[in-house]
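Residues per chain are reported as follows:
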Amino acid sequence: MNRSRFAGRNQNAVSFRVTERRLGPISNTIVLIVLACLLGLLYLTQVTKTNAYGYQINSLQQQANTLQQQHSDLEVASARLQSMSRTQASTVAKNMVAVSPNATVQQ
Amino acid sequence: MAFNQNKANAGAGAVKRVQVWFGLLVLIVGIFGVRLFYVQVIRYDHFKQAALHNQLKQKQIPASRGIIEAYDGNSVVPIVLNQTLYTIFADPVDMKTYHTDPQKVAAAAASVLGGKYSDYEQAVTAQHTRYSILAKKVSKAQRDKLMGYKFAGLYSEAQDYRIYPQGDLAAQTLGFVNANGQGEYGVEQAMNKQLAGQPGELKAITDLNGVPLAASSGNVQRPPVAGDTVTLTLDIGMQAQMQKILKDEYKKTESQGLSAVILDANSGQIKAMASYPSYNPANYGNTGNPKYFENGAVTDAIEPGSTMKLLTTAAAIDQGVIGPNTTFYDPAHWIVDGFNITDIEEDGGARVQSIKSLLNLSLNTGATWELMQMGGGKIDAKARDAWHDYMVNHFLLGHPTNIAQGYESAGYVPGPEQNGAGINLTYANTSFGQGVLVTPLQMAAADASILNGGTYYQPHVVAKITHADGSSQTIKPKVLVQHTVSAKTSSDMPGLMEYVVQGHLDSGYEYLRFSSKYSVGGKTGTAQIAKPGGGYYADKFNGTYAGFVGGDHPQYVIVVYNIQPGVGGYAGSNGGQPVFADLAHMLIDGGYVMPKSQ
């Protein structure tokens, strides 16, 4: 159905021209600025979220270091407790008596 | 109409206003754009550097130094570990600024750390310093407790230390780590690169709290690689007892210094190695004499004296110029290059001697005679070349053993070439251990080869290296010379050496009495000491001893060097021999030696 069909007599059509709605330059600029701000906000949100993981990583690394240090300290304590000088100085060792053979068995 | 005109005027005014604002906005944005272009493009490098200076954290992450282990029987125990300890220090200026009460700090320090209140008070009130140390090597628990008081101006700093749970055990073999983190002496020096590991790297943009920003793509975080764990061949039981024996004999023999090594004759593994006087590696800075850092068994090359006769005899037997039961007429002196080589009076003068009596009486003329046999009856180029070949290419004297120890000495063997300065006399001297420099370890390795069938194993103190990734490398015995002497020659040597021990036992050295379940042999050495300007001291001697302990076969070789023992008599018999006997008894009594099967 084309436009000339309605352009006949007794047709009260005022206008059949289709108006194109266009944004003006100001609106365009504002929309672009808003979009840029939204994108920036989105970027900042993501970056902040990612950087927050840095604190978690840092905290976990500190925990790992603390545990490693505790492990080293325990290793040292264990080695010291088992050292020969400590064993020699122990009550058990002090109460030991030297045994030397005083007879021989002949078979 | 007028209304329409007004409306049109009003619309045009609004548009104009908007256009003005828009123009203003464009101008502002333009100004920002230009400024941004200037800052971000033209001054890019400058502002990038300025920003990085504040935000970039760049540091080296130190690698944990490898630990050192040793054997306790069949199990492995750590003998060097790492521990983070703290230095507590005060900044008296800060304390004054923040009105911290020095008396309270001193009282808390004395209560937590122990020690004298007055010392701490003096430290916290020190003048003209902002770094006054209250205590070093403080444990984490003590540090946390003291820092818990939150005294303004009182600080702590962490520092990694080497920890020696076995005290001074094997101090000279281990060495120590200096303040710069470099290994000094012993294994620490020789294996510094492997023990040190590889430091990591942190390069990251950080926030105000110093926490790396995870979103920064330029961050570099390379974790450190810990140093290798080194397992030594030493047996801590043997080592501790050896150190005690050396300490006791140092006093008994009035020695100037004692070194000894116990070597597994059939693998080259060092089971114990020590020198006395020694030092405490945990407190190496307080060692009075740097000589105490040295492991004499590898650093001290001296003229070994008559212990060399074992090698001379083995070389002569191996060349087929003498046999183990050969007898010969000993004139009790030889004139070589115009000099008189004699024996001691107790040896009984000119008479027929055997190879056994040569060793038992330690005849210098006998060793010279053996050298002569290598030349067909005289000391000439043939004899010198043959003996030099055995010393250098068979017994590897004059070469470092390349053991994992700092400052190893190569020793010295004179060349066989005619030098116009009495080379025949020099070589006659080398046949009985003068004019040649040998370390205890070189002597032990050479003696092991003439006792184990003729195989020269490279002496080694490292049994295993374990890398940070868990992979490991076991150090297998390495054969450097397949046949120093033939198996037949080697089978003759234990009997000759046992004869010497029996001979000395019969002479009254009762401490050489061992159970018949074990074979024990050896040879004394009383070495003259060279004067700096030439010639030898008439009244200064070193006492040496080279021997073995075993059952059916020699199992351990023991070499002892006693520097200038003051005890009377011959230095070898009274300075070296008792130390050997103590060590041999220790090995047998400790169950380290496999007894004879029958």
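Residues numbered from 1 in each chain as written. Chains lettered and ligands numbered in written order. Predicted model: local features only at pLDDT ≥ 70, side-chain atom pairs only at ≥ 80, totals over all residues. Heavy atoms only, no water.

**Comments concerning the layout of surface pockets**
Residue and element names in this part refer to chain B. Its volume calculated, the second largest pocket comes out at about 1000 Å³. Taken together, the elements giving at least two residues each to the lining of the second largest pocket come down to β15 (339–342), α13 (355–361), α16 (423–431), α18 (487–506), β21 (519–530), β22 (536–550) and α19 (571–589). The leading source of residues in the lining of the second largest pocket is β21, at five residues. (1 Å grid on protein atoms, 1.4 Å probe; cavity = no way out; pocket = protein on both sides within 12 Å on 5 of 7 lines; lining within 4 Å. Points joined across faces, edges and corners; volume = space filled by probe spheres on them. Helix = DSSP H or I, 4+ residues; strand = E, 2+ residues; numbered from the N terminus.)

**Side note on the nonpolar core**
Residues and elements named next belong to chain B. If you look at the biggest cluster of nonpolar residues, it comprises 93 residues, and the most contacted ones within it are Trp387 and Phe395. For this core, the element with the most residues is helix α17 (residues 440–451), which contributes eight residues. Taken domain by domain, the makeup of this core includes at least three residues from each of domain 2 (60–165 + 192–227) and domain 3 (235–589). Residues within four places of Trp387 in sequence aside, it is in contact with Met308, Leu311, Thr312, Ala315, Leu371, Met374, Phe395, Tyr427, Thr430 and Ser431. Judged by nonpolar contacts, the second largest core, of 30 residues, contains Ala274, Ala584, Met586 and Val593. (Core = buried A, V, L, I, M, F, W, Y, C linked by side-chain atoms within 4.5 Å. Buried < 20%, exposed > 50% of the residue type's maximum accessible area, 1.4 Å probe, protein only. Domains from an automatic or database assignment. Contact = heavy atoms within 4.5 Å.)

**Topic: the pairing of strand β14 (residues 333–336) of chain B**
Where a strand is regular, its side chains alternate between the two sheet faces. All names here are of chain B. Here β14 shows one buried face, formed by Trp334 and Val336, and one open face, formed by His333 and Ile335. Of the pairings in the sheet, the one linking β14 to β15 comprises four bridges and is antiparallel in character. Bridging from a neighbouring strand, His333 pairs with Thr342 of β15. (Pairing = 2+ DSSP bridges.)

**Describing the sheet that holds strand β1 (residues 56–61) of chain B**
Residue and element names in this part refer to chain B. The strand order across the open sheet built from three strands is β1-β8-β9, with neighbouring strands paired in antiparallel fashion. Two strands bound the open sheet, and with one partner strand each, they are β1 and β9 (220–222). Each adjacent strand pair in this sheet contributes to an overall mean axis angle of 15°, direction not counted. Sheet analysis places β1 next to strand β8 (residues 200–205), joined by six bridges and oriented antiparallel. (Axes fitted to C-alpha atoms, helices over the stretch in contact; angles between N-to-C directions.)

**Re a nonpolar patch on the surface**
Together, A:Leu23, A:Ile26, A:Ile30, A:Val31, A:Leu32, A:Val34, A:Leu35, A:Leu38 and B:Val18 line one region of the surface with nonpolar side chains, adding up to about 780 Å² of accessible area. For the nonpolar patch, the leading source of residues is helix α1 (residues 25–81) of chain A, giving seven residues. Relative to the assigned elements, A:Leu38 resides in helix α1. (Patch = residues over 30% accessible without salt bridge, like charges linked within 9 Å, V, L, I, M, F, W, Y side chains within 5 Å. Areas by Shrake-Rupley, 256 points an atom, 1.4 Å probe, with all protein chains shown as cover. Salt bridge = Lys/Arg side-chain N within 4 Å of Asp/Glu carboxyl O.)

**Structural notes on the packing of aromatic side chains**
All names here are of chain B. All told, the structure shown has 15 aromatic pairs over all chains when counted by the stated rule. Taking the centre distance of 5.9 Å and the plane angle of 35° together, the rings of Phe176 and Tyr185 count as tilted. Here Phe176 matches Tyr185 in class, with each residue buried. Site record: aromatic cluster; members linked through ring pairs are Phe176, Tyr185, Tyr279, Tyr284, Phe293 and Tyr407. Lying over the aromatic face of Tyr86, Arg143 brings its terminal NZ or CZ to 5.0 Å of the ring centre. Directly above the aromatic system of Tyr537 lies the positively charged group of Lys540, at a separation of 4.4 Å from the ring centroid. (Phe/Tyr/Trp six-rings, centres within 6.5 Å; stacked < 30°, edge-to-face > 60°. Lys NZ or Arg CZ within 6 Å of the ring centre and 35° of its normal.)

**Quick word on the interface of chain B and chain A**
At the junction of the two partners, chain B supplies 24 residues and chain A supplies 19 residues. Taken as a group, B:Gln83, B:Pro165 and B:Val211 account for 22% of the area that chain B buries against chain A, more than any other trio of residues on that side. Between the two partners, chain B and chain A, sit zero salt bridges. Run the count over chain B and chain A and you get four residue pairs in polar contact (both at pLDDT 80 or more). Counting residues per element, the ones that place at least two in the side of chain B that touches chain A are α1 (2–42), β3 (75–90) and α10 (236–252) of chain B. The greatest single-element share of the side of chain B that touches chain A, amounting to six residues, is contributed by β3(B). Along the lines of polarity and charge, the residues of the side of chain B that touches chain A split into 15 nonpolar, seven polar and two charged. (Buried area = accessible area lost by both parts, 1.4 Å probe. Polar contact = N/O pair within 3.5 Å; in protein donor to acceptor, adjacent residues only side chain to side chain. Nonpolar A, V, L, I, M, F, W, Y, C, P; charged D, E, K, R; others polar.)

**What to know about the pattern of salt bridges**
All names here are of chain B. Counted by the stated rule, this structure contains twelve salt bridges over all chains. Residue Asp300 is joined to Lys291 by a salt bridge in which the shortest nitrogen-to-oxygen separation is 2.8 Å. Glu510 is the partner of Arg513 in a salt bridge, and the nearest nitrogen-oxygen pair spans 2.4 Å. For Arg513, a relative accessible area of 48% puts it in the partly exposed group. We classify Glu510 as partly exposed; its relative accessible area is 45%. Residues participating in the shared-partner salt-bridge network are Arg65, Arg162 and Glu188.

**Overview of empty space enclosed by the protein**
Residue and element names in this part refer to chain B. All told, the structure shown has one cavity of 30 Å³ or more when counted by the stated rule. When residues of the lining of the largest cavity are traced back to their parent elements, those giving at least two are α7 (171–174), α10 and β12 (270–276). Classifying every residue of the lining of the largest cavity gives four nonpolar, five polar and one charged.

**Looking at the sheet that holds β22(B)**
What holds strands together in a sheet is hydrogen bonding between their backbones, with the strands either parallel or antiparallel. All names here are of chain B. The strand order across the open sheet formed by five strands is β12-β11-β23-β22-β21, and the pairing between neighbours is antiparallel. For this open sheet the edge positions go to β12 and β21, each flanked by a neighbour on one side alone. Pairwise comparison of adjacent strand axes, ignoring direction, gives a mean angle of 10° for this sheet. Note that β22 and strand β23 (residues 554–563) share eight bridges and pair antiparallel. Each bridged residue has a counterpart across the sheet, and for Thr544 the counterpart in β23 is Tyr561. Together, β11 (257–264), β12 and β23 form the strand contacts of α10, whose direction differs from that of β12 by roughly 30°. Packed onto the sheet, α17 meets β11, β12, β22 and β23 and runs at close to 150° relative to β23.

**Overview of the environment of B:Lys59**
Residue and element names in this part refer to chain B. For Lys59, the location among the structural elements is in strand β1. Separated by 80 residues in the primary sequence, Lys59 and Ser139 have C-alpha atoms spaced 26 Å apart. Contacts of Lys59, omitting those with residues within four sequence positions, involve Gly200, Glu201 and Leu202.

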